Amino acid sequence: VGERSHSLKQLKWIASHILELISGLAFVVMITVVFANVLLRFITGKSLIWTEEVAAIGFIWSIFLGAAVCYKQRGGLISMDVLIGGLHGWARKYADLILDALQVVLCIVFFSLSWKFAMSASNKFSLALNLPYTIYDIPVAISFVFMAYYAGKRTVEDIKNLKNDSGDTEKGEC
């Protein structure tokens, strides 16, 4: 039972950190390929054509998935917090709810647009590796899916906070 519990904990950790893992791996691949190409160019005077494509893919994946990682925590990215930072009490809670719900809608719209864009590039291929351009574009859609999920979680938390506060007020507590 102990091993099974440990395995489940590891799986849960991997699932909750999948964006960090993929983004980090993409970043490491990008840095490694660029460094190896610079080293090769220094030693031989020649470079590999495909490294530019691999570096670009690693960069794009690390940036967009990294943005979703930052979005996971409220305030992780510069956002509407600047506008509502001065609000307190009920005004702040309603502003949080409205902004989080709006972010869900916007992320879903942006996901839809980025998905269509990524799929439209599936018949175009890169020169060196002959990869479909969808590989370059799909991280944007993946990022917006996760952002919509995180914004949805925050929206649910906002609703719970409002319900809990309204229950306290009904009991005569402030």
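Residues numbered from 1 in each chain as written. Predicted model: local features only at pLDDT ≥ 70, side-chain atom pairs only at ≥ 80, totals over all residues. Heavy atoms only, no water.

A. Main features of the overall build of the protein. In terms of regular secondary structure, the protein is built from six helices and zero strands. The N-to-C order of helical and strand elements in the protein reads α-α-α-α-α-α. Its C-alpha radius of gyration of 22 Å places the protein more than 25% over the 16 Å reference for a compact globule of 174 residues. Judged by the C-alpha coordinates and their principal axes, the protein covers about 80 × 45 × 30 Å. In the protein, which comprises 174 residues, the proportion classed as buried is 28%. Within the protein, contacts between residues at least 6 apart in sequence are counted, and of these 67% link residues at least 24 apart. Here the protein has roughly 11700 Å² of accessible surface; of this, 71% comes from carbon and sulfur atoms. Once the 16 positive and 14 negative side-chain charges of the protein are each reduced to a mean point, those two points are 6 Å apart. (Helix = DSSP H or I, 4+ residues; strand = E, 2+ residues; numbered from the N terminus. Rg over C-alpha atoms; globule rule 2.2 N^0.38 Å. Buried < 20%, exposed > 50% of the residue type's maximum accessible area, 1.4 Å probe, protein only. Contact = heavy atoms within 4.5 Å. Areas by Shrake-Rupley, 256 points an atom, 1.4 Å probe, with all protein chains shown as cover. Lys, Arg positive; Asp, Glu negative; His and termini not counted. Charge placed at Lys NZ, Arg CZ, Asp CG, Glu CD.)

B. Highlighting the side chain of Asp-100. For Asp-100, the location among the structural elements is in helix α5 (residues 89–120). Apart from residues lying up to four places away in sequence, Asp-100 is in contact with Arg-74, Ala-151, Arg-154, Thr-155 and Asp-158.

C. Highlighting helix α2 (residues 18–44). Between its terminal C-alpha atoms α2 stretches 38 Å, which fits the 39 Å expected from 27 residues at 1.5 Å a residue. Every buried residue belonging to α2 is among Leu-19, Ser-23, Ala-26, Met-30, Val-33 and Asn-37, and all of these are buried. Positive backbone phi, approximately 80°, marks Gly-45, located one or two places after α2. (Expected span 1.5 Å × (residues − 1).)

D. A look at unusual backbone geometry. Its identity is not glycine, yet Asn-130 carries a phi of approximately 60°, on the positive side. Among the structural elements, Asn-130 can be located in the loop between α5 and α6 (134–170). The class for Asn-130 is exposed, based on a relative accessible area of 52%.

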